[in-house]
Structures are given as C-alpha cells and as structure tokens.
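The primary structure of each chain is shown beneath.
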There are 2 protein chains.
Amino acid sequence: MARKTPAAAVSGSTPKDQEKGRTSRLPSVQSATKDLFRREIESPTIQRLLIAAVDCFWKSGFHASSTRDIAKKANLSPAAVYVHFKSKEDLLFRIIQIVAGDVLRQIQETAAMDGDPRIRLWRIVQASVALPARVYKAATVVNTEFAVLSPAQRKYVMQIRDALDDIVESCLKEGCAAGQFQIDDLPVTKTAIVALCRSVLTWYSPRGSLSPEDLGAAYGDLVIRMVKAD
Amino acid sequence: MARKTPAAAVSGSTPKDQEKGRTSRLPSVQSATKDLFRREIESPTIQRLLIAAVDCFWKSGFHASSTRDIAKKANLSPAAVYVHFKSKEDLLFRIIQIVAGDVLRQIQETAAMDGDPRIRLWRIVQASVALPARVYKAATVVNTEFAVLSPAQRKYVMQIRDALDDIVESCLKEGCAAGQFQIDDLPVTKTAIVALCRSVLTWYSPRGSLSPEDLGAAYGDLVIRMVKAD
DNA sequence: GTCTATACCGCGATAGAC
DNA sequence: GTCTATCGCGGTATAGAC
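Computed from a predicted structure; not experimentally measured.

S.K.: Lay out the overall build of chain A in plain terms, naming residues and giving numbers.
M.R.: Of regular secondary structure, chain A possesses 12 helices and zero strands. The proportion of buried residues among the 230 residues of chain A is 51%. Looking at chain A alone, contacts between residues at least 24 apart form 70% of all its contacts between residues at least 6 apart. Within the structure as shown, chain A displays about 10900 Å² of accessible surface, and the carbon and sulfur contribution to it stands at 51%.

S.K.: I'd like to hear about the protein's contact with DNA strand C, residue by residue, with values.
M.R.: As a structural note, the neighbourhood of DNA strand C is formed by 15 residues, with Thr67(A), Tyr82(A), Lys88(A), Ser77(B) and His84(B) the closest of them. Counting only atoms of DNA strand C within 4 Å of the protein, the fraction found in sugar and phosphate groups is 51%. For DNA strand C, a phosphate oxygen lies 2.6 Å from a polar atom in the backbone of Ser77(B). His84(B) is positioned such that a nitrogen or oxygen atom in its side chain is 2.6 Å from a phosphate oxygen of DNA strand C. Every element with two or more residues in the surface near DNA strand C is listed here: α5 (67–73) of chain A together with α6 (81–84) of chain B.

S.K.: Describe the protein's contact with DNA strand D, and please don't skip the residues or the numbers.
M.R.: As a structural note, the neighbourhood of DNA strand D is formed by 16 residues, with Ser77(A), Val83(A), His84(A), Thr67(B) and Arg68(B) the closest of them. The side chain of Lys88(B) places a nitrogen or oxygen atom 2.9 Å from a phosphate oxygen of DNA strand D. Elements with a minimum of two residues in the surface near DNA strand D: α6 (81–84) of chain A together with α5 (67–73) of chain B. Its residues assigned to classes, the surface near DNA strand D comprises six nonpolar, seven polar and three charged.

S.K.: With reference to specific residues and values, describe the packing of helix α4 (residues 44–60) of chain B against helix α7 (residues 88–111) of chain B.
M.R.: All names here are of chain B. Contact pair α4 / α7: the axes reach a minimum separation of 10 Å and the direction vectors enclose 95 degrees. Of the possible angle classes, the one that applies to α4 and α7 is roughly perpendicular. Together, Leu49, Leu50, Ala53, Val54 and Phe57 of α4 and Lys88, Leu91, Leu92, Arg94, Ile95 and Ile98 of α7 make up the contact between the two elements. Considered class by class, the residues forming the contact of α4 with α7 number nine nonpolar, no polar and two charged.

S.K.: Can you tell me about helix α12 (residues 212–226) of chain A, naming the residues and giving the values?
M.R.: The end-to-end C-alpha separation of α12(A) is 21 Å, in line with the 21 Å expected for 15 residues at 1.5 Å each. Following α12(A) by one or two positions, Lys228(A) has its phi on the positive side, about 55 degrees.

S.K.: Which residues make up the UniProt feature "domain: HTH tetR-type" (unreviewed entry) in chain A, and what are the values?
M.R.: As annotated in UniProt, the feature "domain: HTH tetR-type" (unreviewed entry) corresponds to residues 43–103 of chain A in the numbering used here. Helix makes up 72% of residues 43–103 of chain A and strand 0%, with an end-to-end C-alpha separation of 22 Å.

S.K.: Describe the UniProt feature "DNA-binding region" (unreviewed entry) in chain A, and please don't skip the residues or the numbers.
M.R.: Under the present numbering, the feature "DNA-binding region" (unreviewed entry) in UniProt falls on residues 66–85 of chain A. Structurally, residues 66–85 of chain A comprises 55% helix and 0% strand, and the distance from its first C-alpha atom to its last is 14 Å.

S.K.: Talk me through the environment of Ala52(B); I want residue IDs and the actual numbers.
M.R.: Residues and elements named next belong to chain B. Along the chain, Ala52 falls in helix α4. Linking Ala52 and Gln153, residues 101 residues apart in sequence, is a C-alpha distance of 21 Å. Ala52 has contacts with Ile70, Lys73 and Ala74, leaving out every residue within four places of it along the chain.

S.K.: Give a description of unusual backbone geometry that names residues and reports values.
M.R.: All names here are of chain A. A positive phi angle, near 60 degrees, is found at Asn75, a position not held by glycine. Mapping Asn75 onto the fold places it in the loop between α5 and α6. By relative accessible area, Asn75 is classed as exposed at 67%. One non-glycine residue, Lys228, lies in positive phi territory at about 55 degrees. Relative to the helices and strands, Lys228 resides in the segment after α12.

S.K.: Describe the relation of the copies chain A and chain B, and please don't skip the residues or the numbers.
M.R.: The transform that puts chain A on chain B rotates by 180 degrees and translates by 0.0 Å along the axis, for an RMSD of 0.0 Å. Given the turn and translation reported, the copies of this chain are related as if by a two-fold rotation axis. Comparing interface residues between copies, 100% of those in chain A also sit at the interface in chain B, which points to an isologous, same-surface contact.

S.K.: Talk me through the side chain of Arg134(B); I want residue IDs and the actual numbers.
M.R.: All names here are of chain B. Take Arg134: it is sitting in helix α8 (residues 117–134). For Arg134, a relative accessible area of 12% corresponds to the buried category. Contacts of Arg134, omitting those with residues within four sequence positions, involve Leu26, Pro27, Ser28, Val29, Ala32, Pro212 and Glu213.

S.K.: Tell me about the packing of aromatic side chains, residues and numbers included.
M.R.: All names here are of chain A. Within the structure shown, the criterion is met by eight aromatic pairs over all chains. Ring centres of Trp58 and Tyr136 lie 5.8 Å apart, and the angle between their planes is 85 degrees; this geometry places the pair in the edge-to-face category. One end of the pair, Trp58, is in helix α4 (residues 44–60); the other, Tyr136, is in helix α9 (residues 136–144), and 78 residues separate them in sequence. Assessed through its relative accessible area of 10%, Tyr136 is described here as buried. Ring centres of Phe93 and Tyr156 lie 5.4 Å apart, and the angle between their planes is 75 degrees; this geometry places the pair in the edge-to-face category. You can see Phe93 sitting in helix α7 (residues 88–111) and its partner Tyr156 sitting in helix α10 (residues 151–177), a full 63 residues away along the chain. A network of ring pairs unites the aromatic residues Trp58, Tyr136 and Tyr204 as a single cluster.

S.K.: With reference to specific residues and values, describe the interface of chain A and chain B.
M.R.: Between chain A and chain B, the contact holds 27 residues from the first and 27 residues from the second. Between chain A and chain B lies a buried interface of about 2100 Å² when both sides are counted; carbon and sulfur atoms form 67% of it. Three residues stand out in chain A for area buried against chain B, namely Leu222(A), Arg225(A) and Met226(A), and they jointly supply 29% of the buried area on that side. Across the pair Asp184(B) and Arg225(A) runs a salt bridge, and its minimum N-O distance is 4.0 Å. At the surface where chain A touches chain B, the tally comes to four residue pairs in polar contact (both at pLDDT 80 or more). When residues of the side of chain A that touches chain B are traced back to their parent elements, those giving at least two are α11 (186–199) and α12 of chain A.

Cut-offs applied
Residues numbered from 1 in each chain as written. Chains lettered and ligands numbered in written order. Predicted model: local features only at pLDDT ≥ 70, side-chain atom pairs only at ≥ 80, totals over all residues. Heavy atoms only, no water. Helix = DSSP H or I, 4+ residues; strand = E, 2+ residues; numbered from the N terminus. Buried < 20%, exposed > 50% of the residue type's maximum accessible area, 1.4 Å probe, protein only. Contact = heavy atoms within 4.5 Å. Areas by Shrake-Rupley, 256 points an atom, 1.4 Å probe, with all protein chains shown as cover. Near = heavy atom within 4 Å. Polar contact = N/O pair within 3.5 Å; in protein donor to acceptor, adjacent residues only side chain to side chain. Nonpolar A, V, L, I, M, F, W, Y, C, P; charged D, E, K, R; others polar. Axes fitted to C-alpha atoms, helices over the stretch in contact; angles between N-to-C directions. Parallel < 35°, antiparallel > 145°, perpendicular 65-115°, else oblique. Expected span 1.5 Å × (residues − 1). UniProt positions renumbered as here; feature names shortened; annotations may be inferred. Least-squares fit on C-alpha atoms with pLDDT ≥ 70 in both. Phe/Tyr/Trp six-rings, centres within 6.5 Å; stacked < 30°, edge-to-face > 60°. Buried area = accessible area lost by both parts, 1.4 Å probe. Salt bridge = Lys/Arg side-chain N within 4 Å of Asp/Glu carboxyl O.

Written as structure tokens, this is what we have:
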C-alpha cells in the first residue's frame with residue numbers, strides 16, 4: 001500500500017484502524033474470495049465447493065471444468081455436489097450472484113458518498129477496479145462465463161451491469177452539468193470507462209507490484225484526465 | 001462514416017477511391033472476416049470451415065462448440081473436418097494465427113507511418129480498435145480462447161501481444177521524451193491503453209451507431225487526453 | 001476429399017446403501 | 001449428507017467404402 005490518503009479513504013479503512021496503526025485492514029488477495037463466501041454462506045461444505053469451482057472455472061473455463069474436478073478439489077465425491085446444487089450451471093450462478101451482488105453493493109455505497117463529481121468519479125473508478133481485483137478469480141468468472149447462463153440468469157447479471165453503467169453515467173452527467181467535465185461523446189465515454197475498469201481483470205495478477213487499491217487509484221487518475229477534469 | 005479526414009486517412013482509403021466518390025472501400029463488418037480468410041486460404045472448403053468455426057466459437061465458446069456443429073454449418077459431414085485439421089484445437093489455432101497475424105501486420109504498418117507521437121498514438125489506438133472490430137467475432141475468439149491453447153501455441157499469441165504492447169510503449173516513451181505527453185506511471189498507462197482497446201470487443205456490436213473506424217477515432221481522442229497531449 | 005458408420009471415452013447426473 | 005456404482009448421452013476422432 002504505497003498510496004496514502006485517497007486510496008485509504010475509499011478502501012474501507014476506518015479512523016479506528018488508522019489509530020491502531022494498521023496500514024490496512026483488507027484481507028489478502030489470496031483470502032478475499034474465501035472471506036466473501038464465508039460471510040455469505042453458512043455451510044462450510046458449500047463454501048468449499050464454491051471456492052473449488054471458482055478455481056476450476058477461472059483456470060479452465062466452465063465447460064472444461066468437470067464436476068469431478070470440482071468435487072475432488074473440495075474433498076468430496078462427485079455425487080456430493082448434487083446434494084448442494086441442482087446442476088453445474090446452478091453452481092456457477094450461485095457464484096455469480098454472490099460475487100456480483102457484493103461488488104455492486106460496495107460500488108453503490110461508494111457512489112453514494114459525498115463529494116463533487118470529480119471526487120465521486122475518481123472514487124467510483126477506484127472501487128470498480130479495486131473491488132473486483134481483490135476477488136479477481138471469482139470476478140473473472142463472472143465476466144467470462146456469461147454465455148453459459150440461462151436467459152433468466154443473464155437478465156439478472158445484465159441488471160447488475162446496467163446499475164453500474166447508470167452509476168457512471170449519472171456521475172458524468174453531473175460533472176458536465178456542473179461544467180467540470182468536458183466530454184465529446186457521453187455514451188462512448190461511459191462505455192469506455194466501464195469497459196476499462198473491467199478490462200483490468202484480463203491481465204491482473206496479484207504478483208504485480210501495485211495493490212488493487214493503488215491500481216484503482218491510478219485508473220482513477222487516468223479517467224479524470226479522460227473527462228478533462230484536472 | 002460520419003467522420004472525415006482523420007479516420008479516412010488511416011482506414012485505408014486511397015485518393016483513387018475518393019475520386020470515384022466512394023465513401024468507403026472497406027468491406028462490411030459482416031463480410032470482413034470472410035474476406036480475410038479468402039485472402040489467406042486457397043481451399044474454399046477450408047474457408048467455409050474456418051468461418052463456421054468462428055461463428056460457433058464466438059457464439060458458444062470453444063468447448064461448447066462441437067465439431068458436429070461446425071461441420072454442419074460448413075455443409076460437411078463431421079468426419080470431413082479431420083481431413084483439413086488434425087483436431088479441434090488445430091482449427092482454433094489456425095483461426096488465431098490468421099486473425100492475429102493480420103491485425104498485427106496492419107497495426108505495425110500504422111505505427112510505421114510518419115507523424116509526431118501525438119498523431120502516431122492516435123492512429124495506433126484508432127487502428128487497434130477499428131481493425132479487430134471489423135472482424136469482431138474472429139478477434140473475440142482470439143482474445144477469449146487463449147486458455148485452450150497448448151503452451152507452444154500460447155507463446156505464439158503472447159509474442160503478438162508483446163509486439164502490440166511494445167508499439168504502444170515506444171510511442172508513449174517518444175511522446176514523453178519530446179515533452180508532449182505527461183504520464184505519471186508509464187507501465188500502468190501502457191497496459192490501460194492496450195486493455196482499453198481490446199475491451200471494445202467485450203461490448204461491440206455492428207448494430208451500434210458508430211462504424212469501427214469512428215469508434216476507433218473516438219477512442220483515439222480519449223487516449224490522447226489520458227496522456228495529456230491536447 | 002467426402003461420405004456413413006462407429007469406436008471409445010468422459011461427461012453430467014442419478015440410484016441406493018450407509 | 002456422504003459415499004460407491006452406474007446410467008445414458010454426446011463428445012472427438014477414426015475406419016473404410018466410394
């Protein structure tokens with residue numbers, strides 16, 4: 001964690017944490033996904049299955065991952081998967097629901113914070129990079145395996161994507177209305193910003209030198225320039 | 001084709017075309033991939049197989065596309081595929097070789113054009129958006145099915161990606177050296193620009209209002225702002 | 001080079017004992 | 001809720017006639 005104030009202010013540190021002298025209260029990238037599932041799911045067996053499935057789907061993709069692989073990685077027999085999930089698709093969708101829901105909620109919280117459009121846009125971008133990167137394997141699965149889902153399931157994901165789009169769009173509009181942003185083509189700019197944030201997952205590795213939060217901060221700076229708001 | 005000079009100058013129009021009063025000599029997005037394969041491959045049967053495979057892989061992904069599906073779409077029996085390709089992976093790799101090679105070649109030509117770093121960066125970005133978008137289904141397959149490839153095949157693709165990275169990087173360095181760009185973190189900026197261009201394929205549809213070339217032009221403008229070169 | 005027929009395998013999912 | 005055993009389907013790839 002090289003950066004100080006802005007990243008720390010957005011990433012969830014509380015004054016209390018800082019009093020204690022902690023530099024970060026975030027879980028490591030390695031454990032963030034586990035922590036998320038532990039928070040959302042009671043049964044330890046299901047937690048293990050979800051984690052195993054994320055690992056398999058991330059490494060090989062949904063169709064190349066067999067239920068046998070997943071079961072083995074979760075220390076279960078192949079049949080045990082079907083006690084907890086009605087199909088492999090169901091397992092995928094549960095992962096997507098949990099991960100996408102959690103990320104959306106946190107970005108909504110970020111967007112609801114006070115601040116002028118420049119600060120808010122910077123924070124939204126920072127969060128849109130940092131939060132998925134923290135759970136990068138799971139978030140990659142969410143972005144990658146969209147085609148596998150049923151129409152109803154796709155609709156669910158699309159609503160979440162639309163909500164994120166709207167957050168960025170309304171922030172851009174505010175900034176334009178306040179005369180703080182200069183944007184040529186608002187729909188293109190909005191789409192570019194959202195896709196830019198998402199694209200981090202196509203190359204991100206936790207072995208890189210920047211933490212998810214620092215990376216998000218750097219992207220926040222880039223986006224601020226894109227809307228000519230310096 | 002709404003834009004005039006810059007996009008037209010880069011997208012391959014010749015003075016002769018313009019004399020004739022054509023607004024564009026580009027193939028339609030629908031036929032660009034076919035044209036590419038027709039240019040690179042002699043056998044019409046193999047052309048049909050490649051086109052069918054691109055369609056299947058794009059729609060469902062590599063593992064969810066069966067060789068039966070591909071053969072049927074190419075009006076062949078399932079067995080006929082194996083006369084021309086030794087495996088389904090081989091078919092995929094041939095697609096990737098042709099598409100990635102062609103795009104790289106054209107971007108290299110773009111990068112070799114004269115102009116100061118600002119013009120060159122704009123053109124490189126424009127081409128990096130427009131060229132893949134013209135063959136968007138095939139280019140999406142190239143970006144999406146990387147995990148399927150063998151180590152040797154992956155290395156081939158990685159060399160192409162590195163070459164594209166280097167083109168952007170050296171242009172950014174030039175611009176910084178010339179005092180025309182102001183960049184905080186060069187590696188992050190380079191990665192962001194490349195990923196931004198690639199991310200267009202995650203949402204692009206030929207039904208959108210902007211042509212690939214106009215979209216590339218808009219992205220060129222955005223990137224010029226990212227490096228503070230206006 | 002194309003076809004029909006088929007070998008062979010591994011997948012998702014289920015049955016039934018414990 | 002977990003296991004072992006297994007069903008049945010559909011996949012990739014091949015054999016052999018034309």
